Amino acid sequence: MRTSQYLLSTLKETPANAEVISHQLMLRAGLVRNVASGMYTWLPTGLKVLRKVENIVREEMEKAGSLETLMPMVQPADLWEESGRWEDYGPELLRLKDRHDRPFVLGPTHEEVITKLVANEISSYKQLPLNMFQIQTKFRDEIRPRFGVMRGREFLMKDAYSFHLSAECLQKTYDVMFDAYCRIFDRLGLDYRPVIADTGSIGGEASHEFHVLAESGEDDIAFSDASDFAANVEKAEALAPSGTKPSPSLALTEVSTPNAKTIDDVATLLNVDSKQTVKTLIVLGNEIEDQPTPVIALVLRGDHQLNEIKAENLANVASPLTFASEEEVLNAVGCNIGSIGPVGLNIPVIVDRSAAHLADFVSGANKDGFHFSGTNWDRDCTDYTVEDIRNVVEGDQSPCGKGKIVIKRGIEVGHIFQLGEKYAQAMNCGVLTEQGKNKILTMGCYGIGVSRIVAAAIEQNHDKYGIKWPSAIAPFQAAIVPMNMAKSARVKETAETMYNQLQEAGIDVLFDDRKERPGVMFADHELIGTPILLIIGERNLDNQEIEIKNRITGEKSMMPINDVMSLFK
RNA sequence: CGGUGAUUAGCGCAGCUUGGUAGCGCACUUGGUUUGGGUCCAAGGGGUCGCAAGUUCGAAUCUUGCAUCACCGACCA
């Protein structure tokens, strides 16, 4: 490609609306342009990168035995009613109507469509297992799109679905997909980790997320500093503290704490460590027929944070987790938020493992403006259950048994699930077994955020001059940068010859034939991150040499003109 | 959904306090100059000042409403 026939569209200045580095560089390097909140046009350079990512994903999926399909982006609402997600999905699901007033959705994912397809197409166990994927635009009406294509509303995703007769067979495909994902991220040249994940709203059993490690990531990943253990903080188990619980040494004493409504206030006022306090959260319980909504108290150590996912997975806690209103708190507890504690409550009390390990701690007195000091479990509060309901923090024991927890930020770029029978059941997707009986299939589902990978790759690979693409996904393999071609016939001739030669060899090379000063050309190529610059100038032609500059290492070296092809072997 | 802020040329911004029909840098066009790291000089083109209503002789500027975009928060006991 010649720059004179190309749309480079680089920007010298950083657009004001871009916050993270990948978003800024994607705009400056001319990869994408914003169209509306969370929606982007991919310019030629960006699309080249996107297609390279897509092709790696496609090749590895095919190698792993998955069949490519393409499903519609717009889906009829009745499919979603059949699966139950028309009600469950919430406002992220964009709903629309056609001219006949028939309801549709913009597909945020395609379980319904594929399950319906398989229900219709597959009728015998002999046709299983089956694994199909597509690379398709998805739409999720995110609460808050941000960071450019990292969390867009419209985005490109590879999603795959597998169908099986047995859990063992599903596990086998799941393992194959796990390995395929590792190969994909290896080939992309990214620093990533598979981590144990929550199955979230889609439901199901086993699940791993693949995270690209980067400061700007939106997820917290808990690692062990002594093993391979890695889990999303949402999912990482917080073990009970080791050792025996100290015995009570203080009497329960009511203390006045006017206007101290937060743990920090109370800890400061009473001059105790927040680790010696507990906070008590009132949430809604599951509805029981013909009765007012029950409320439940969750008790955590003052310095810990509630893990909402763990909490809402508890049997008697409402899902999604909902905090009680001020009025509900007043009715149930008899005081306002800020003075609640576990002592004397006549509602169910669930205590976190770490909070349950305390002795002589500070708690709310269930009386406005008062707390208790010297609170002790079993003596002052007898009716409670102990559960893991907090987020792990740095320094906790790793749940794998080895080492301590370290927390890093990650960008979720892949997610694999064992779905089980949820969708197959709802859409009546089954086959006849060897025994001639109908059996509902069990499913796996495997996603990769293709467009997000482009942003994640930049987050991990850039410097002050611009993007440093891993070579597998660079928009161009190399660029020819001639010095003062307009004046030098020798330079022009060498550049043209080299361009033709590389083109014929199938090398994706950008020939900078603009009448620009060298500085302008260097700056542009560094910004868009071309891995190799082939610099042709008068001063080296006498020796029949050109200069090679490596974008990743910054190294410059000389090379005989005729050896250029060796760079691409 | 709540809070905050922004909206003036393709991009980045000034002008608004104190109303008088718009300016700077980059980018773009033309000519010249320069040519191994974002040259320099000159001459140009480009804006219903987000939309609507109001106040006024007169509104980018004051008032009201709306829209869009962005940032922060959505553990608070």
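In this text the structure is predicted, and so the values were computed from the model without any measurement.

Caption draft 1: Seen up close, the overall build of chain A. Of the regular secondary structure elements, chain A holds 14 helices and 30 strands. Based on the C-alpha atoms only, the size of chain A along its principal axes is roughly 95 × 70 × 50 Å. When the 569 residues of chain A are sorted by exposure, 52% land in the buried category. In chain A, 68% of the contacts between residues at least 6 apart in sequence involve partners at least 24 apart.

Caption draft 2: The arrangement of the protein's contact with RNA strand B in detail. Around RNA strand B there are 42 residues in total, and Arg-144, Leu-306, Phe-323, Glu-526 and Glu-547 lie nearest to it. Between a sugar or linking oxygen of RNA strand B and a main-chain N or O atom of Gly-338, the distance comes to 2.9 Å. Mapped onto the surface near RNA strand B, the elements with two or more residues apiece are strand E14 (278–284), helix H13 (518–528), helix H14 (538–541) and strand E29 (545–550). The leading source of residues in the surface near RNA strand B is H13, at seven residues. For the surface near RNA strand B, a count of residues per class yields 15 nonpolar, 13 polar and 14 charged.

Caption draft 3: Layout of the environment of Gly-30. Within the element layout of this structure, Gly-30 appears in the loop between helix H1 (21–28) and strand E1 (32–36). Of the residues examined, Gly-30 reaches a relative accessible area of 0% and is grouped as buried. With 14 residues separating them in the primary sequence, Gly-30 and Pro-44 have C-alpha atoms 8.2 Å apart. Excluding anything up to four places from it in sequence, Gly-30 contacts Leu-8, Ser-9, Leu-43, Thr-45 and Gly-46.

Caption draft 4: Quick peek at the packing of aromatic side chains. Applying the stated criterion across every chain yields a total of eleven aromatic pairs. Taking the centre distance of 5.7 Å and the plane angle of 80° together, the rings of Trp-80 and Tyr-89 count as edge-to-face. Here the aromatic rings of Phe-185 and Tyr-192 are separated by 5.4 Å at their centres, their planes lie at 40°, and the arrangement is tilted. Note on accessibility: Phe-185 and Tyr-192 belong to one class, buried. Each member of the aromatic cluster is reached from another via a ring pair, and the members are Phe-178, Tyr-181, Phe-185, Tyr-192 and Phe-210. Lying over the aromatic face of Trp-86, Arg-95 brings its terminal NZ or CZ to 4.6 Å of the ring centre. The residue whose ring lies beneath Lys-408 is Phe-223, and the NZ or CZ to ring-centre distance is 5.5 Å.

Caption draft 5: The sheet that holds strand E16 (residues 349–352), seen in detail. Pairing is mixed across the open sheet formed by four strands, whose spatial order is E14-E15-E16-E19. In this open sheet, the two strands that pair with only one neighbour each are E14 and strand E19 (385–387). The sheet shows a mean angle of 30° between the axes of neighbouring strands, taken without regard to direction.

Caption draft 6: Here's a closer look at the pattern of salt bridges. Taken as a whole and judged by the stated rule, the model has 37 salt bridges. Measuring nitrogen to oxygen at the nearest pair gives 3.2 Å for the salt bridge that ties Glu-142 to Arg-151. Given the relative accessible area of 14%, Glu-142 is considered buried. Overlapping salt bridges, with partners in common, bring together Glu-59, Glu-60, Lys-63, Arg-183 and Arg-187 in one network.

Caption draft 7: Representation of the nonpolar core within the structure. Grouped together as the largest cluster of nonpolar side chains are 64 residues, with contacts concentrated most on Phe-185, Leu-188 and Trp-469. Considering each element in turn, this core owes the most residues, ten residues, to helix H6 (residues 167–188). Non-local contacts of Phe-185, meaning those with residues more than four positions away in its chain, are made with Leu-190, Tyr-192, Phe-210, Val-413, Gly-414, Ile-448 and Ile-453. Core analysis: the next-biggest nonpolar cluster, separate from the first, contains 28 residues, Trp-86, Leu-128, Leu-130 and Cys-445 among them.

Caption draft 8: Structural view of the side chain of His-371. Along the chain, the position of His-371 falls in strand E18 (residues 370–375). Within the structure, the side chain of His-371 is placed 2.7 Å from the side chain of Thr-257, a separation counted as a polar contact.

Caption draft 9: Broad picture of the sheet that holds strand E13 (residues 253–256). Reading across from one edge, E13-E18-E17 is the order of the three strands in this open sheet, with antiparallel pairing throughout. Edge positions in the sheet fall to E13 and strand E17 (361–367), since each of these pairs with one other strand and no more. For this sheet, the mean angle separating the axes of adjacent strands, direction not counted, is 35°. Sheet analysis places E13 next to E18, joined by four bridges and oriented antiparallel.

Caption draft 10: The arrangement of unusual backbone geometry in detail. Leu-128 connects to Pro-129 through a cis peptide bond whose omega is -5°. Within the secondary structure, Pro-129 is located in the loop between helix H5 (111–121) and strand E7 (130–139). Positive phi is not limited to glycine here, since Asp-360 has a value of about 55°. Residue class for Asp-360 comes out buried when judged on its relative accessible area of 16%. One non-glycine residue, Gln-544, lies in the positive phi region at around 60°. By secondary structure assignment, the location of Gln-544 is in the loop between H14 and E29.

Caption draft 11: Representation of the side chain of Thr-115 within the structure. Along the polypeptide, Thr-115 turns up in helix H5. Those residues in contact with Thr-115 that lie beyond four places of it in its chain are Phe-163, Tyr-423, Ala-424, Met-427, Cys-429 and Met-443.

Caption draft 12: A look at the pairing of strand E2 (residues 39–42). Two strands pair when backbone bridges link them, and E1 and E2 are joined in this way by four bridges, in the antiparallel orientation. Paired with Arg-33 across the bridge in E2 is Thr-41. Where E1 folds back on E2, the antiparallel hairpin that results is connected by two residues, among which Gly-38 adopts a positive phi of roughly 75°.

Caption draft 13: Highlighting a negative patch on the surface. There is a patch of like negative charges on the surface, built from Asp-78, Glu-81, Glu-87 and Asp-88. If you list the elements that add at least two residues to the negative patch, you get helix H3 (77–83) and helix H4 (85–88). As for its position among the elements, Asp-78 is in helix H3.

Caption draft 14: Here's a closer look at the confidence of the model for chain A. With 99% of its residues at a pLDDT of 70 or more, chain A shows a mean pLDDT of 91. Overall fold confidence for the complex sits at a pTM of 0.89, while the interface term, ipTM, reaches 0.91.

Caption draft 15: Examining the packing of H1 against helix H11 (residues 450–460) more closely. Close contact between H1 and H11 brings their axes to 8 Å; oriented N to C, the two are set at 105°. Relative to H11, H1 is oriented roughly perpendicular. In contact with Ile-21, Ser-22, Leu-25 and Met-26 of H1, H11 contributes Val-454, Ala-455, Ile-458 and Glu-459. Of the residues in the contact of H1 with H11, the class split is six nonpolar, one polar and one charged.

Basis of the calculations
- Residues numbered from 1 in each chain as written.
- Chains lettered and ligands numbered in written order.
- Predicted model: local features only at pLDDT ≥ 70, side-chain atom pairs only at ≥ 80, totals over all residues.
- Heavy atoms only, no water.
- Helix = DSSP H or I, 4+ residues; strand = E, 2+ residues; numbered from the N terminus.
- Buried < 20%, exposed > 50% of the residue type's maximum accessible area, 1.4 Å probe, protein only.
- Contact = heavy atoms within 4.5 Å.
- Near = heavy atom within 4 Å.
- Polar contact = N/O pair within 3.5 Å; in protein donor to acceptor, adjacent residues only side chain to side chain.
- Nonpolar A, V, L, I, M, F, W, Y, C, P; charged D, E, K, R; others polar.
- Phe/Tyr/Trp six-rings, centres within 6.5 Å; stacked < 30°, edge-to-face > 60°.
- Lys NZ or Arg CZ within 6 Å of the ring centre and 35° of its normal.
- Pairing = 2+ DSSP bridges.
- Axes fitted to C-alpha atoms, helices over the stretch in contact; angles between N-to-C directions.
- Salt bridge = Lys/Arg side-chain N within 4 Å of Asp/Glu carboxyl O.
- Core = buried A, V, L, I, M, F, W, Y, C linked by side-chain atoms within 4.5 Å.
- Patch = residues over 30% accessible without salt bridge, like charges linked within 9 Å, V, L, I, M, F, W, Y side chains within 5 Å.
- Areas by Shrake-Rupley, 256 points an atom, 1.4 Å probe, with all protein chains shown as cover.
- Lys, Arg positive; Asp, Glu negative; His and termini not counted.
- Charge placed at Lys NZ, Arg CZ, Asp CG, Glu CD.
- pLDDT = per-residue confidence, 0-100.
- Parallel < 35°, antiparallel > 145°, perpendicular 65-115°, else oblique.

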